[in-house]
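# Analysis of the macromolecular model
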Amino acid sequence: MKNKNILITLLCTLGLTFFSGCKKYLEVHSDTQKQVSNSFKTIEDLRATTAFLYATPWNKFNDYARTITEGRANNVYVDGVTGTISALALFAENSNFNELFQTWGSLYVAVTQADYIINDYVPLSITNGVDATRAKGCEGEARFIRGYSYWYLAMLWHDVPIIDDPRQYVLNTLVPPNSFEDVLQYAINDLTIAAQTLPATDSKGRVTKYSAEAMLARVLLTGADYAMGGRFSSDYLKRNGASSNAEMAQKYFDLAKQACLDVINLSSYRMLDNYEDIWKVQTNNNAEVLFGYQFLPGAADYGLGNVLNNLSFNGDVTGNLTGGSNVFISYDLLRLLVQDGAQSRLRGNVFIPGQNYAYLGTQLAAGSFTVPSNSKTKCNIKKFVVGSNKDTDGAAVAGNSGLVSPALRMSEVYLMYAEAIMGTGTQTSDATALENFNKVRKRAFYLNPTAYQAYTLVTRNDLLLERRKELFYEMTYWPDLVRRSFYDMDWTLNFLNNKLKDSDPTTNFTNYASYSYTYDPPRFPNTAGWDNSPRVQAGYISQQVVHNLPAGSYVHAIGSKSNIWALPYPAAEINSDPNLNGAPVPYKF
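Residues numbered from 1 in each chain as written. Predicted model: local features only at pLDDT ≥ 70, side-chain atom pairs only at ≥ 80, totals over all residues. Heavy atoms only, no water.

## Digging into the overall build of the protein chain
The helix and strand inventory of the protein chain stands at 23 helices and 10 strands. For 589 residues, the compact-globule estimate of 2.2 N^0.38 gives 25 Å, and the C-alpha radius of gyration of the protein chain, at 23 Å, lies within 12% of that figure. Oriented by its inertia axes, the alpha-carbon framework of the protein chain measures out at about 75 × 60 × 50 Å. Residues classed as buried in the protein chain amount to 60% of the 589 residues present. In the protein chain, once contacts between residues fewer than 6 apart in sequence are set aside, the share between residues at least 24 apart is 73%. (Helix = DSSP H or I, 4+ residues; strand = E, 2+ residues; numbered from the N terminus. Rg over C-alpha atoms; globule rule 2.2 N^0.38 Å. Buried < 20%, exposed > 50% of the residue type's maximum accessible area, 1.4 Å probe, protein only. Contact = heavy atoms within 4.5 Å.)

## A look at unusual backbone geometry
Between Ser 533 and Pro 534 the backbone carries a cis peptide bond, its omega angle lying at -10°. If you trace the backbone, Pro 534 turns up in the loop between helix H22 (500–503) and strand E9 (547–548). Non-glycine residue Asn 74 carries a positive phi angle of around 55°. Since its relative accessible area comes to 1%, Asn 74 is described here as buried.

## Observations regarding the side chain of Lys 280
With respect to the element layout, Lys 280 can be found in the loop between helix H13 (245–266) and strand E2 (289–293). Among the polar contacts made by the side chain of Lys 280, one reaches the side chain of Asp 277 at a distance of 2.8 Å. Setting aside residues no more than four positions away along its own chain, Lys 280 makes contact with Tyr 359 and Leu 403. (Polar contact = N/O pair within 3.5 Å; in protein donor to acceptor, adjacent residues only side chain to side chain.)

## Some points on the environment of Gln 102
Relative to the assigned elements, Gln 102 resides in helix H7 (residues 98–127). C-alpha separation for the pair Gln 102 and His 556, spaced 454 residues apart in sequence, amounts to 20 Å. In contact with Gln 102, not counting residues within four places along its chain, are Lys 60 and Tyr 64.

## Some thoughts on the environment of Thr 428
Tracing the chain through its elements places Thr 428 in strand E7 (residues 427–428). Residues Thr 428 and Gly 303, 125 residues apart in the sequence, show an inter-C-alpha distance of 44 Å. Setting aside residues no more than four positions away along its own chain, Thr 428 makes contact with Ala 418, Ile 421, Met 422, Ala 433, Leu 434, Leu 457 and Val 458. A polar contact of 3.1 Å, which involves the side chain of Thr 428, links it to the backbone nitrogen of Asp 430.

## A short note on the packing of H13 against helix H17 (residues 410–422)
Running from N to C, H13 and H17 point in directions that differ by 145°, and their axes come no closer than 9 Å. In the crossing of H13 with H17, the sense of the turn from one axis to the other is left-handed. For the pair H13 and H17, the contacting residues are Phe 253, Ala 256, Lys 257, Cys 260, Leu 261, Val 263 and Ile 264 in the first and Met 410, Val 413, Tyr 414, Met 416, Tyr 417, Glu 419, Ala 420 and Ile 421 in the second. Tallied by class, residues from the contact of H13 with H17 come to 13 nonpolar, no polar and two charged. (Axes fitted to C-alpha atoms, helices over the stretch in contact; angles between N-to-C directions. Left-handed = near helix turned anticlockwise from the far one by under 90°. Nonpolar A, V, L, I, M, F, W, Y, C, P; charged D, E, K, R; others polar.)

## Regarding the packing of aromatic side chains
All chains considered together, the criterion is met by 55 aromatic pairs. Arranged with centres 6.3 Å apart and planes meeting at 75°, the rings of Tyr 293 and Phe 295 form a pair that is edge-to-face. No difference in accessibility class separates Tyr 293 from Phe 295, as the two residues are buried. One aromatic cluster is present, built from ring pairs that chain together Tyr 54, Trp 58, Phe 61, Phe 144, Tyr 148, Trp 151, Tyr 152, Phe 291, Tyr 293 and Phe 295. In this arrangement the basic side chain of Arg 218 is found over the ring face of Trp 151, its NZ or CZ atom lying 5.0 Å from the centre. For the cation-ring pair, Arg 347 lies above Tyr 357, with the distance from its terminal atom to the ring centre recorded as 4.2 Å. (Phe/Tyr/Trp six-rings, centres within 6.5 Å; stacked < 30°, edge-to-face > 60°. Lys NZ or Arg CZ within 6 Å of the ring centre and 35° of its normal.)

## Focus on the nonpolar core
Ranked by internal contacts, the top residues of the largest apolar core, which has 179 residues, are Trp 58, Phe 144, Tyr 148, Tyr 150, Phe 291 and Leu 334. Broken down by element, the residue count for this core peaks at 14 residues, all from helix H8 (residues 132–157). With sequence-adjacent residues up to four places away left out, Phe 144 is seen in contact with Leu 191, Ala 194, Val 207, Ser 211, Ala 212, Met 215, Phe 291 and Leu 408. (Core = buried A, V, L, I, M, F, W, Y, C linked by side-chain atoms within 4.5 Å.)

## Some details on helix H4 (residues 43–51)
Taken residue by residue, H4 has Ile 43, Leu 46, Arg 47, Thr 49 and Thr 50 as its buried positions. Mapping the buried residues of H4 onto a view down its axis gives an arc of 155°, with all of them on the same face. Those residues of H4 hidden inside the fold are in contact with H7 and H8. (Arc of directions from axis to C-beta.)

## Quick notes on the pattern of salt bridges
Summed over the entire model, instances satisfying the criterion amount to 34 salt bridges. Asp 502 is paired through a salt bridge with Lys 501; the nearest N and O atoms lie 3.3 Å apart. For Asp 502, a relative accessible area of 57% corresponds to the exposed category. Taking the relative accessible area as the measure of exposure, Lys 501 reaches 24% and is therefore partly exposed. Linked by salt bridges that have partners in common, Glu 288, Asp 340, Arg 345, Lys 383, Arg 409, Arg 441, Arg 443, Glu 466, Lys 469, Glu 470 and Glu 474 make up one network. (Salt bridge = Lys/Arg side-chain N within 4 Å of Asp/Glu carboxyl O.)

This is how it looks when you write it as structure tokens:
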């Protein structure tokens, strides 16, 4: 965590126009308390405050957390073996990486904002006469954001501090982490309350009870996987009314299934017909998005923009709002998408040479953008790239694409339902599970429907692969691998260390992390677009993924090593709070 001055700075990002200064407010003088008590007299006041939960905290997270999760999962590639993405893919990162610092800070900004809304602003507004049901709906928004944030903190760092009262933290910034299982429980509790207090519908962009149920399902499945590995403590099991980890796992699978069913059967959320359409500014907050980072189209103000137009193939795509990116899709994932044959999903995710995008490059003489052949050897990421100012009806400007970044989508709900039905098994032929799984598959083939074939049996590996292809660059595949490690550590280590191919040369689970490639279908038609792929880069050092926790130890302890469960704490956090290195402590629920 940061020192008092930094935390005060974070609190200032709330944009609380009701107060003359965040520092004075934190000091809790009588004058500032009077200002607070004179605020939040209408539901509009309160909703203006919760609106900040959707944009400002996610500005840097939207960029840096993707670098961490997609690099770590070997979903992306850059030339050279010494840069940040290569280091993450090769498990060679260190605590000084800015990406770790910014991601950690972004999540705790969101947590802190949510804390104040839950602890202070909602009770105050009710005291001031605001309708309690509507005020509690605002609390639900804050609890959704806090639960969402703690899930990411737990999946990236495992044991982290639970800060539910920023005032107490300001008085004592030396705090130990709480255990992973307690952070998970905290997120489940928040999301459960959010589902109970949020409205079934709201204005576009705001979360609803079904958003909370979808996110709750994601966290419950994480807990089910942890229980499948027999990892919950007896205290956790007792607190949750389970006699064993096996019973806990089944309970969480059942709860996740019901949460998904509610979203599928009772809400108005649905998948769009064409995968590509999700990633257009014109479809911001479309029916598929249960939660998105609400960046402001056309805004040049710091913190309100989406920088991901910078993934573009070149400046022609964006009208020179950005240049061309040196971040590409990885060999392993591109091979999966190409072999899969689903054209809508492939085009929506990747710039493939020879493909034309009629809705991009409309400012060009040709009136559209065609990905050049014989220009690059690797393929740029298409997802999140929206084009020029003209392409986006004025939404895209320098430093801001104007796209609301989808962070929780309906297709994931369908896949989570299938996973919950599968439960502790390794496959399922359940009719409803297959129906939902195949909905996602069929949509991926929107542009070439005759190539689609429905699955009649879905395995655990099928689900993992489908999630990787469907949710590429959406920060889920690395957490998926962490979840797999909870109950199948040997498989996860063998996959990450690229050993599964040794026993099965045809496996789809290769992991040529930071390997280069060439894919250009117009240039290499006789070899299905590939040439000399994959190939090792100069200076390449094989990744060493390990999980070694001595008996009675913990993941961040000296002598322990698990670069699956935990990234290093940011160096600045350790410097300001050495207690982070201590053993995790139970949270008092």
